[in-house]
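Next come the chains, spelled out residue by residue.
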Amino acid sequence: MQLGLCIFTEITSEDKGTSYTISPYNFYMFPASTNYKLDQRFMCQSSSLAFLATHNMDFNKWIKGGIPYLNEKDEAYLSKTTSADEMEAMLGLSKVIKAITAARAPLVGHNCLLDLLHLFKHFVGPLPDTLAVFKAELLKRFPCVYDTKTVAKHSAFEDCILSDALGDLFDAVHGEVFQEVGVALPPSCPHYSTSQAHEAAYDAYMTGVSLLRMAKRIVAANGRVPAVTSVLEQLAEHKNRVFLHKSVDVPWLHLDREEPARTVEHVLHMTFDERMTLPDIKGLFSPYGSAHVTWINSTSAFVTLPNKEKASEALRCLSGRGEGHNIPYTVGPASARKRPLDDKQTSNCDGQPPPSKKPKQLFTVNEDW
């Protein structure tokens with residue numbers, strides 16, 4: 001629905017050192033519909049629409065004045081049968097994304113895996129079948145990605161960043177232990193002197209400022225003085241590392257390498273009937289530490305425990321006792337589970353089980369998308 005960008009341009013002078021000018025942009029984006037071959041259908045979530053309405057989303061502007069766009073696949077298909085003028089009109093916001101990819105500039109987001117997936121789907125093409133292909137195709141277009149949520153996990157911030165939610169992070173990096181970063185607000189954005197949280201471009205502004213301030217803090221903690229060149233050179237270990245939300249033992253995704261092998265000794269597999277709820281499962285495993293539940297379908301789930309010792313204890317105590325429970329269940333090691341050929345896992349972490357028949361999802365609205 002809305003794409004927020006904030007371009008940070010580095011300015012270096014001998015007397016003032018390094019500072020930054022910013023150029024924030026809010027783009028309402030609406031699927032191109034002038035060509036009958038491209039009449040998109042999409043779904044939306046009522047709670048998301050209500051959230052956006054409370055933060056001043058102009059739905060009339062979105063529909064009447066939203067900028068069209070095409071992904072690369074649709075552009076290639078339509079270019080064969082569409083006039084140059086019509087193609088130019090339909091490309092719309094796609095030209096902005098093409099300019100960003102051509103610049104090869106660092107792309108910065110906060111908890112941005114979903115943002116990257118949306119960017120890929122709407123401006124590149126359908127999501128690939130494998131993670132490896134997605135990462136390779138993404139890096140062709142955005143070779144340098146930083147996620148401020150992973151940077152905030154750095155040991156230098158253990159005592160000064162207590163919450164890494166974007167608003168809290170932005171407030172924290174303005175604390176006493178963080179050095180000032182010269183950022184000049186444009187005359188068109190005087191309102192940015194006070195919080196405009198959930199305006200897409202302002203969120204992008206907060207993300208960029210947070211990254212720069214954290215980078216300077218890491219430099220200071222290591223006792224080094226940054227060179228005049230980009231301060232992002234100090235964040236090499238965080239490059240192309242994206243935070244994984246609700247992932248218990250895999251905190252982030254590496255975009256530029258294969259993921260390390262993981263064991264599942266601390267993960268158990270449960271089966272049960274459809275009466276079983278999340279509180280029921282949490283209650284069964286409460287003596288063995290915090291349990292993270294990932295639904296497979298309405299009658300089975302994975303349960304992740306803090307370590308393999310807790311998993312072994314739970315397996316020993318719960319195995320064989322399910323038949324006498326008011327809701328029968330079985331528990332076994334996740335590694336022993338044999339996946340049926342027709343079992344298409346629909347992961348729904350720590351929520352109610354997915355419905356047995358999910359509607360086909362063509363386009364989702366989530367937060368600013």
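Bear in mind that the values here come from a model prediction, so they are computed numbers and not experimental data.

Rules and cut-offs
- Residues numbered from 1 in each chain as written.
- Predicted model: local features only at pLDDT ≥ 70, side-chain atom pairs only at ≥ 80, totals over all residues.
- Heavy atoms only, no water.
- Axes fitted to C-alpha atoms, helices over the stretch in contact; angles between N-to-C directions.
- Helix = DSSP H or I, 4+ residues; strand = E, 2+ residues; numbered from the N terminus.
- Parallel < 35°, antiparallel > 145°, perpendicular 65-115°, else oblique.
- Contact = heavy atoms within 4.5 Å.
- Nonpolar A, V, L, I, M, F, W, Y, C, P; charged D, E, K, R; others polar.
- Core = buried A, V, L, I, M, F, W, Y, C linked by side-chain atoms within 4.5 Å.
- Buried < 20%, exposed > 50% of the residue type's maximum accessible area, 1.4 Å probe, protein only.
- Arc of directions from axis to C-beta.
- Pairing = 2+ DSSP bridges.
- Phe/Tyr/Trp six-rings, centres within 6.5 Å; stacked < 30°, edge-to-face > 60°.
- Lys NZ or Arg CZ within 6 Å of the ring centre and 35° of its normal.
- pLDDT = per-residue confidence, 0-100.
- Salt bridge = Lys/Arg side-chain N within 4 Å of Asp/Glu carboxyl O.
- Polar contact = N/O pair within 3.5 Å; in protein donor to acceptor, adjacent residues only side chain to side chain.

1. Structural notes on the packing of helix α6 (residues 113-123) against helix α7 (residues 131-141)
And step 1. In the contact formed by α6 and α7, the axes pass within 11 Å of each other and the chain directions differ by 80°. If you check the angle between α6 and α7, you find them roughly perpendicular. Across the interface between the two elements, L116, L117 and F120 of α6 pack against F134, E137 and L138 of α7.
And step 2. By residue class, the composition of the contact of α6 with α7 is five nonpolar, no polar and one charged.

2. Some remarks on the nonpolar core
And step 1. Membership of the largest hydrophobic core comes to 24 residues, with the highest contact counts inside it found for L3, L116 and L255.
And step 2. Contributing elements (two or more residues each) for this core: β1 (2-13), α6 and α7.
And step 3. With four residues, α6 is the largest single contributor of residues to this core.
And step 4. By size, the runner-up hydrophobic cluster in this structure holds 21 residues, among which are L305, A314, I327 and V331.

3. What to know about helix α4 (residues 84-91)
The α-helix winds at 3.6 residues per turn, so residues separated by three or four positions along the chain end up facing the same way.
And step 1. If you check which residues of α4 are buried, you get M87, M90 and L91. End-on, the buried residues of α4 take up no more than an arc of 100°, which puts them together on one face. With respect to the buried face of α4, the exposed residues turned more than 90 degrees away are D85 and A89.
And step 2. At its buried positions, α4 is contacted by α3 (72-78) and α5 (94-103).
And step 3. Residue G92 follows α4 closely and has a positive phi angle near 45°.

4. What to know about the sheet that holds strand β5 (residues 182-184)
And step 1. The strand order across the open sheet built from three strands is β1-β2-β5, with neighbouring strands paired in mixed fashion. Of all strands in the sheet, those with a lone pairing partner are β1 and β5, marking the two edges. Strand-to-strand twist across the sheet, computed as the mean angle between neighbouring axes with direction ignored, equals 30°.

5. Regarding the packing of aromatic side chains
And step 1. Using the criterion set out here, one finds ten aromatic pairs in the structure.
And step 2. With centroids separated by 5.5 Å and ring planes inclined at 45°, the aromatic side chains of Y202 and Y205 adopt a geometry described as tilted. Separated by three residues within a single helix, Y202 and Y205 lie in helix α10 (residues 200-221), roughly one turn from each other. Taken individually, Y202 and Y205 each receive the classification buried, so the pair is uniform in this respect.
And step 3. Grouping aromatic residues by their ring pairs yields a cluster made of F30, F59 and W62.
And step 4. R241 extends its terminal NZ or CZ atom over the ring of W252, reaching a point 3.9 Å from the ring centre.

6. Side note on the pairing of strand β2 (residues 17-28)
And step 1. Across twelve bridges, the pairing between β1 and β2 is antiparallel. Residue pairing for β2: F8 is matched across the bridge by I22.
And step 2. Pairing of β2 with β5, which is carried by three bridges, proceeds in the parallel orientation. Residue pairing in the sheet places T21 in a bridge with A184 of β5.

7. Quick notes on the confidence of the model for the chain
And step 1. Summary statistics for the chain give a mean pLDDT of 84 and a share of 87% for residues scoring 70 or more.
And step 2. No element of the chain has a lower mean pLDDT than strand β12 (residues 348-349), which averages 55, and none a higher one than α7, which averages 96.
And step 3. With pLDDT under 50 throughout, residues 341-347 is counted as low confidence; its partners more than four residues away or in other chains account for 14 contacts.
And step 4. Low confidence marks residues 356-367, where pLDDT is under 50. Its contacts with residues over four positions away, or in another chain, come to 26 contacts.

8. Describing the pairing of strand β8 (residues 267-272)
And step 1. Counting buried residues in β8 gives five out of six residues, a clear majority hidden from the surface.
And step 2. By the bridge criterion, five bridges tie β8 to strand β11 (residues 329-333) in an arrangement that is antiparallel. For L268, the partnering residue across the bridge sits in β11 and is P333.

9. Quick word on the pattern of salt bridges
Proximity of charged atoms lets side chains of opposite charge pair with each other.
And step 1. Inspection of the entire model under this criterion finds eleven salt bridges.
And step 2. Put simply, E259 and K135 hold a salt bridge, and the shortest N to O gap is 3.0 Å. Placement of E259 in the loop between β7 (252-254) and β8 and of K135 in helix α7 is noted, with a sequence separation of 124 residues between them.
And step 3. With relative accessibility at 7%, the residue K135 sits in the buried group.

10. Overview of the side chain of N71
And step 1. If you trace the backbone, N71 turns up in the loop between α2 (59-65) and α3.
And step 2. Of the residues examined, N71 reaches a relative accessible area of 10% and is grouped as buried.
And step 3. Among the polar contacts made by the side chain of N71, one reaches the main-chain amide nitrogen of K73 at a distance of 3.1 Å.
And step 4. A polar contact of 2.7 Å, which involves the side chain of N71, links it to the backbone nitrogen of D74.
And step 5. Dropping the residues within four chain positions of it, N71 is found in contact with K121, H122, F123, V124 and G125.

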